[in-house]
Amino acid sequence: MAVLKKGPWPKFYFTKNGKGGIRRKTYLSAVGDVPPTNLFEYKDVGHTDEAKKEVLKVFDGQSPFATPKPERLIKRVLEIATDEGDLVLDSFLGSGTTAAVAHKMGRRWIGIEMGDHAKTHCAVRMKKVVDGEQGGISKAVKWQGGGGFRYYELGEAILNEDGSLTGDIPFDVMAAHVWFSETKTPWSECKIENVKCKIEGTKSTVLGIHEGTAYVLLYNGILKDRSVNGGNVLTRKTLEVIQADLSARGDGSRGRSPSQDARPPEYEKIVVYGEACRLMAPTLEALKIEFRQTPYDLVTRR
Ligand SMILES: C[S@@+](CC[C@H](N)C(=O)[O-])C[C@H]1O[C@@H](n2cnc3c(N)ncnc32)[C@H](O)[C@@H]1O
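Within any chain, residue numbers begin from 1 and follow the written order of that chain's sequence. Only residues with pLDDT of at least 70 get local features here, since the model is predicted, and only at 80 or more are side-chain atom pairs given and counted; chain-wide, interface and lining totals rely on the full set of residues.

**Considering the packing of helix H5 (residues 71-81) against helix H6 (residues 97-104)**
Viewed as axis vectors pointing N to C, H5 and H6 meet at an angle of 60°, and their least axial separation amounts to 9 Å. The orientation of H5 with respect to H6, classified from their angle, is oblique. Pair H5 / H6 crosses with right-handed handedness. For the pair H5 and H6, contact is made by Glu-71, Ile-74, Lys-75 and Leu-78 and by Thr-97, Thr-98, Ala-100, Val-101 and Ala-102, respectively. Residues are grouped as follows: Ala, Val, Leu, Ile, Met, Phe, Trp, Tyr, Cys and Pro are nonpolar; Asp, Glu, Lys and Arg are charged; every other residue, Gly included, is polar. Considered class by class, the residues forming the contact of H5 with H6 number five nonpolar, two polar and two charged. To get an axis, a line is fitted to the C-alpha atoms, and for a helix only the part in contact is used. The angle between two axes follows their N-to-C directions and goes from 0 to 180 degrees. Each helix corresponds to a stretch of at least 4 residues labelled H or I by DSSP, and each strand to a stretch of at least 2 residues labelled E; elements are numbered beginning at the N terminus. Any angle from 65 to 115 degrees is called roughly perpendicular, while one under 35 is roughly parallel, one over 145 is roughly antiparallel, and all others are oblique. Each crossing gets its handedness from the near helix: less than a right angle anticlockwise from the far helix is left-handed, clockwise is right-handed. Whether two residues are in contact depends on their C-beta atoms, placed from the backbone: they are in contact if these lie within 7 Å.

**Topic: the site of the ligand**
By definition, a residue lies near a molecule or strand provided its backbone-derived C-beta atom is within 6 Å of it. Near the ligand lie 14 residues; those nearest to it are Lys-69, Phe-92, Gly-94, Met-114 and Gly-115. For the shell around the ligand, the residue count by class is six nonpolar, five polar and three charged.

**Brief notes about the sheet that holds strand E5 (residues 206-210)**
Strands are labelled as partners when DSSP assigns at least two bridges between them. The mixed open sheet is built from four strands, whose spatial order is E5-E6-E8-E10. The sheet terminates laterally at E5 and strand E10 (289-293), the two strands that pair on one side only. For this sheet, the mean angle separating the axes of adjacent strands, direction not counted, is 20°. Lying over the sheet, helix H8 (residues 171-183) contacts E5, strand E6 (212-217) and strand E8 (267-274), oriented at roughly 155° with respect to E6.

**As for the pairing of strand E3 (residues 87-90)**
As paired elements, E3 and strand E4 (residues 108-111) share four bridges and run parallel to each other. Along E4, the bridge assignment pairs Leu-87 with Arg-108. Regarding topology, H6 serves as the crossover connection from E3 to the parallel E4, and that connection is right-handed. For a crossover, the right-handed case is the one in which the path from the first strand over the helix to the second runs clockwise, viewed with the strands pointing away from the viewer.

**With respect to the environment of Ser-164**
Secondary-structure assignment places Ser-164 in the loop between helix H7 (117-130) and H8. When the C-alpha atoms of Ser-164 and Val-299 are compared, they prove to be 8.6 Å apart, with 135 residues separating the residues in sequence.

**A short note on H6**
Think of it as a crowd count around each C-beta: if 20 or more other C-beta atoms lie within 10 Å the residue is buried, if 12 or fewer it is exposed, and in between it is partly exposed, with C-beta placed from the backbone throughout. A large share of H6 lies buried, amounting to eight of its eight residues. Looking only at H6, the buried set comprises Thr-97, Thr-98, Ala-99, Ala-100, Val-101, Ala-102, His-103 and Lys-104. For H6, the secondary structure elements touched by its buried residues are H5, E3, E4 and H7. Immediately beyond the C-terminal end of H6, within one or two residues, lies Gly-106, with a positive phi of roughly 75°.

**Some details on the environment of Val-129**
Structurally, the position occupied by Val-129 is in helix H7. Placed 30 residues apart in sequence, Val-129 and Ala-99 show a C-alpha to C-alpha distance of 9.6 Å. Beyond its immediate stretch of four places on either side in the chain, Val-129 contacts Ala-100, His-103 and Lys-104.

**Observations concerning the nonpolar core**
Working definition: the nonpolar core is a set of buried Ala, Val, Leu, Ile, Met, Phe, Trp, Tyr and Cys residues, joined through C-beta atoms within 7 Å. One finds Val-178, Leu-207, Ala-214, Val-216, Leu-217 and Val-272 to be the most contacted residues of the largest nonpolar core, which totals 25 residues. Val-178 has contacts with Leu-207, Tyr-215, Leu-217, Tyr-273 and Leu-298, leaving out every residue within four places of it along the chain. Formed by 15 residues, the second largest nonpolar core is a distinct cluster that contains Ala-100, Val-101, Trp-109 and Cys-122.

What follows is the structure, given as structure tokens:
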């Protein structure tokens, strides 16, 4: 009240007791609408200058973009909106502050970034966080390092909106897609690199074995000109190649007798993806093969 009685309030003022820069005052009456219901003071949540310094420190003097947020600000937001163990999504990751703070605060997180700095900065920053980086909020939350993360790059889209293939998709791309849509695990984890296919110069038709099912892909002429449509159709001939590829893996099949090998068989059925199937239903049933058509059955699994 004493200040109010002194007369009209100033529109501008000088900082540092009149010796600093000029600042404009904004009054509630000039703002209108709904006044803010909470206030984050910069002494509590930091400011852009602090954020820039944090980012420059973590990236050894470089910054991927101009307007990072201070870790303290994101910490306040996560304290309000989340509990430990919650999943935090930042689909515009930028310099990775949200993921870094979420990790240090014991939240799980997903970060999405389309720029190259996803790899050159965000992943590098998160590696440092895991290793116990001590900038930002680390001291406040007693961060000592720990945990981990996976870094993925999106592959090409293989299906159009109408379910048709987007183009001539390479075998490995299709294989990764089929494997993931079936097993919900990345294909790269399947150690098939050293598996040699029986036919010289071709890859194995067997993508791998997951929880008792062998996954096979007949696609993009993998079998060259040995069979119908370059090997994209399940026939007696392509079946022979699949069986040879399964044996070449040497990791157990239903065809092996117990006396040959005491190990339990590693798969009980075979899922084959191909353009078409020329085998009759009783044959498929006897061989415990489930046929799925590419791309139709991929669309229905999205
Ligand atoms: C303003 S920055 C992110 C700020 C960050 N979340 C923070 O709080 O500091 C926006 C980022 O989103 C990325 N971006 C823009 N559009 C995107 C999209 N469609 N998918 C993924 N990232 C995108 C940009 O490359 C940029 O790095």
